[in-house]
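Each chain, letter by letter, is given below.
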Amino acid sequence: MTNLNNLVAIDWRSGPDRIYFFFKDTDTYSRFDLGDNSVPSNYPAATAGNWDNFAPHTKDLRFGLTTTSFGWNAGSDEDIAWLFFYDGTTPMVCKYDQDSDKVAAFYKVADSVWKPILPYFDKIIAGTWFQLTGHPFLFRFILDDGHYLSFDYKAKTVKYNPFGEYQLGALKPYKDRIITAAQNDRTFADSYWYIFLTNNQYLTYNIQSDRLVAGPRTIDDGNWPGLLRG
C-alpha cells in the first residue's frame, strides 16, 4: 500500500475527466478516471517515456492546475495543464497541452501570465481555477501557512488571506496537514476540490457553496479504488 505523502495531484479536462497523481519519491504517476471511479490496472507507471519532455522535471513538480480556453492566445477549446516546478533555483511553469498530450512551452514564472504569484511560489501547495459565477478569471492557491491566494488573472491582482477570511474557513483545522489538491469540475455550478492530507486522508470541498462536503475520510479501495496500489 502506498503512503500518500510526497505527491502532486492535478485535474485533467481533455476528454473524460481525470485526476493525475505524481508520486515524487518513486517518479511514478497514476491516472484516476472520475467517470469510472478507478485507477486503471496498468498504473502506477513510470513518468519516463510519458509526459513528453516534461518527464525529466516531474520529480521537481510543486503544484499544477488546468484551464480551458478563456484568453491564453487559445482557440475555442484548448485544455491546458499548468505544471509549476523548479529548474535548479528558477521557478518555472510548463504549459502542457492536454489535447495533444504534448508540451506546448516552458516559461520562467517571472515571464509568464502567472508572474503575480511568484512572491508566494515557495509556499504554494496547490491551486485551482475557481470559475465562480461572475468571476471567470479567478484562481485560488493553498499555501503552507494557513493562508490562500486569490488571483484574478484579468485584473492581475493577488490577495493573501488566512483561511476563513472570505473563504476556505473549512480548511483551517487541517492547515498543517494539506499535501496537494485537485478539482473535479462536475458541473459549472457544482465543483468539488479534493484536498489530500497526511495519514492517507482527504477532504471534499464544494467550491461554489464554500463548504466541506465530507471528510476527513481515510483513502481506501472503496472511495479511491487503485490509488494506493504500490
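Per an unreviewed UniProt entry, the recorded name for the chain is Hemopexin, and the organism is Pseudomonas triticicola.

**Side note on the environment of S112**
If you trace the backbone, S112 turns up in the loop between β8 (102-108) and β9 (124-129). Sequence separation of S112 and M92 is 20 residues, and the distance between their C-alpha atoms is 9.0 Å. S112 has contacts with V93 and Y107, leaving out every residue within four places of it along the chain. Within polar-contact distance, the side chain of S112 engages the backbone oxygen of V109 at 2.9 Å.

**Overview of the side chain of H57**
Inspection of the secondary structure puts H57 in the loop between β4 (45-46) and β5 (61-68). Excluding residues that lie within four positions of it along the chain, H57 makes contacts with F85 and F106.

**Considerations on the nonpolar core**
Formed by 37 residues in total, the largest nonpolar core has its most connected members in F21, F196, W224 and L227. At the level of elements, β1 (7-12), β2 (18-23), β3 (28-33), β6 (79-87), β7 (90-97), β13 (178-187) and β14 (190-197) are the ones that each hand at least two residues to this core. When sequence neighbours within four positions are dropped, the list of residues in contact with F21 reads L7, V8, A9, T28, Y29, S30, F32, F196, W224 and L227.

**Observations concerning the packing of aromatic side chains**
Following the criterion strictly, the structure yields 36 aromatic pairs and no others. A centroid spacing of 5.8 Å and a plane angle of 55 degrees characterise the contact between W114 and F151, whose relative ring orientation is tilted. Here the residue W114 occupies a position in the loop between β8 and β9, and F151 occupies one in strand β11 (residues 147-152), the gap between them amounting to 37 residues. With a centroid separation of 5.7 Å and an interplanar angle of 85 degrees, the aromatic rings of F130 and W193 are classed as edge-to-face. One end of the pair, F130, is in the loop between β9 and β10 (138-143); the other, W193, is in strand β14, and 63 residues separate them in sequence.

**Here we look at the pattern of salt bridges**
Under the defined criterion, the tally for this structure stands at seven salt bridges. Note that R31 is salt-bridged to D33, the shortest N-O span being 2.7 Å. Residue classification places R31 among the buried residues on the basis of a relative accessible area of 17%. The exposure class of D33 is buried, given its relative accessible area of 9%. The salt bridge involving K123 is made with D144; its shortest N-O contact spans 3.9 Å. With K123 in the loop between β8 and β9 and D144 in the loop between β10 and β11, this residue pair connects regions lying 21 residues apart in the sequence. In this structure D144 comes out as partly exposed when scored by relative accessible area, which is 38%.

**Remarks on the pairing of β2**
Burial of β2 is extensive: six of the six residues sit out of reach of the surface. In β2, alternate side chains face the same way, and those of R18, Y20 and F22 on one face and I19, F21 and F23 on the other are all buried. Pairing geometry for β1 and β2, over six bridges, is antiparallel. Looking across to β2, one finds that I10 is bridged to Y20. Here β1 hands over to β2 after five residues, with G15 in that stretch at a positive phi of 75 degrees. Hairpin remark: β2 followed by β3, antiparallel, with four residues in the connecting loop; positive phi at D27, about 50 degrees.

Calculation rules
- Residues numbered from 1 in each chain as written.
- Predicted model: local features only at pLDDT ≥ 70, side-chain atom pairs only at ≥ 80, totals over all residues.
- Heavy atoms only, no water.
- Helix = DSSP H or I, 4+ residues; strand = E, 2+ residues; numbered from the N terminus.
- Contact = heavy atoms within 4.5 Å.
- Polar contact = N/O pair within 3.5 Å; in protein donor to acceptor, adjacent residues only side chain to side chain.
- Core = buried A, V, L, I, M, F, W, Y, C linked by side-chain atoms within 4.5 Å.
- Buried < 20%, exposed > 50% of the residue type's maximum accessible area, 1.4 Å probe, protein only.
- Phe/Tyr/Trp six-rings, centres within 6.5 Å; stacked < 30°, edge-to-face > 60°.
- Salt bridge = Lys/Arg side-chain N within 4 Å of Asp/Glu carboxyl O.
- Pairing = 2+ DSSP bridges.

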